[in-house]
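Fold and geometry: a report
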Amino acid sequence: MPEADCIFCKVVSGAIPATVVKRDPHFVAFKDINAQAPTHLLVIPTEHITSLDQARDDAMLGRLLGFTRELARDVGIAERGYRVVVNTKADGGQTVHHLHLHVLGGRFMTWPPG
Ligand code: AMP
Ligand code: ZN
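Residues numbered from 1 in each chain as written. Chains lettered and ligands numbered in written order. Predicted model: local features only at pLDDT ≥ 70, side-chain atom pairs only at ≥ 80, totals over all residues. Heavy atoms only, no water.

1. Some thoughts on the overall build of the protein
Secondary structure assignment for the protein yields three helices and five strands. Against the globule reference of 13 Å for 114 residues, the protein gives a C-alpha radius of gyration of 14 Å, in line with a compact fold. Seen through its C-alpha atoms, the protein measures out along the principal axes to roughly 40 × 30 × 30 Å. A total of 114 residues make up the protein; the buried ones form 38% of that total. Summarising the internal contacts of the protein: among those between residues at least 6 apart in sequence, 57% fall at separations of at least 24. Per element, the accessible surface of the protein, about 7100 Å² overall, is 53% carbon and sulfur. Within the protein, one finds 12 positive and 12 negative side-chain charges whose respective centroids are separated by 6 Å. (Helix = DSSP H or I, 4+ residues; strand = E, 2+ residues; numbered from the N terminus. Rg over C-alpha atoms; globule rule 2.2 N^0.38 Å. Buried < 20%, exposed > 50% of the residue type's maximum accessible area, 1.4 Å probe, protein only. Contact = heavy atoms within 4.5 Å. Areas by Shrake-Rupley, 256 points an atom, 1.4 Å probe, with all protein chains shown as cover. Lys, Arg positive; Asp, Glu negative; His and termini not counted. Charge placed at Lys NZ, Arg CZ, Asp CG, Glu CD.)

2. Some words on the pattern of salt bridges
Taken as a whole and assessed by the stated rule, the structure comprises four salt bridges. By sharing partners, the salt bridges in this structure join Arg69, Glu70 and Arg73 into a single network. (Salt bridge = Lys/Arg side-chain N within 4 Å of Asp/Glu carboxyl O.)

3. A word on the coordination of the zinc ion (ligand 2)
Coordination sphere of the zinc ion (ligand 2), protein contribution only: Cys6 (SG), Cys9 (SG), His48 (ND1) and His98 (ND1), at 2.0 to 2.2 Å. Given the relative accessible area of 0%, histidine 98 is considered buried. (Donors = N, O, S within 2.8 Å, 3.2 Å for Na, K, Ca; no water.)

4. Remarks on the sheet that holds strand β4 (residues 82-85)
Strands sit in the order β1-β2-β3-β5-β4 across an open sheet of five strands; the sheet is antiparallel. Here the strands that pair on one side only, and so sit at the sheet edges, are β1 (20-23) and β4. Averaged over all neighbouring strand pairs, the angle between strand axes comes to 20°, with direction disregarded. In the sheet, strand β3 (residues 39-45) pairs with strand β5 (residues 101-105) via five bridges, with the strands oriented antiparallel. Bridge pairing in β5 places histidine 40 opposite leucine 104. Packing of helix α2 (residues 58-74) onto the sheet brings it into contact with β1, β2 (27-31), β3, β4 and β5, and relative to β2 it is tilted by some 40°. (Pairing = 2+ DSSP bridges. Axes fitted to C-alpha atoms, helices over the stretch in contact; angles between N-to-C directions.)

Structural data, given as structure tokens:
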């Protein structure tokens, strides 16, 4: 069930516009509005799941990663490489409480993160 106040549920339904680059019945990938790299996409399940910590379906999480791997190939960042980040809850810096994977590519990523 979509959450009434969740912006990413609204991206899924189309109530909030987004630049969607890939979707299937279970997952949607779209451009982050505040890109931190030449390619910065968000990948979300169409179902509302609050964070990785609340995810209960490990098979779905595996398919989410597989979708993300195919997305990276589709947008041309797979050969040079990319970073996938899942900010989780308060200490993880999560600000939107609908599970999402950041996919960052198109430049070299430094480590450690802030
Ligand atoms: P996080 O801090 O991991 O929860 O990341 C949330 C991300 O969502 C941030 O990188 C935001 O720039 C991005 N964001 C917030 N609202 C939107 C939106 N309407 N469309 C695309 N990206 C968004
Ligand atoms: Zn949601």
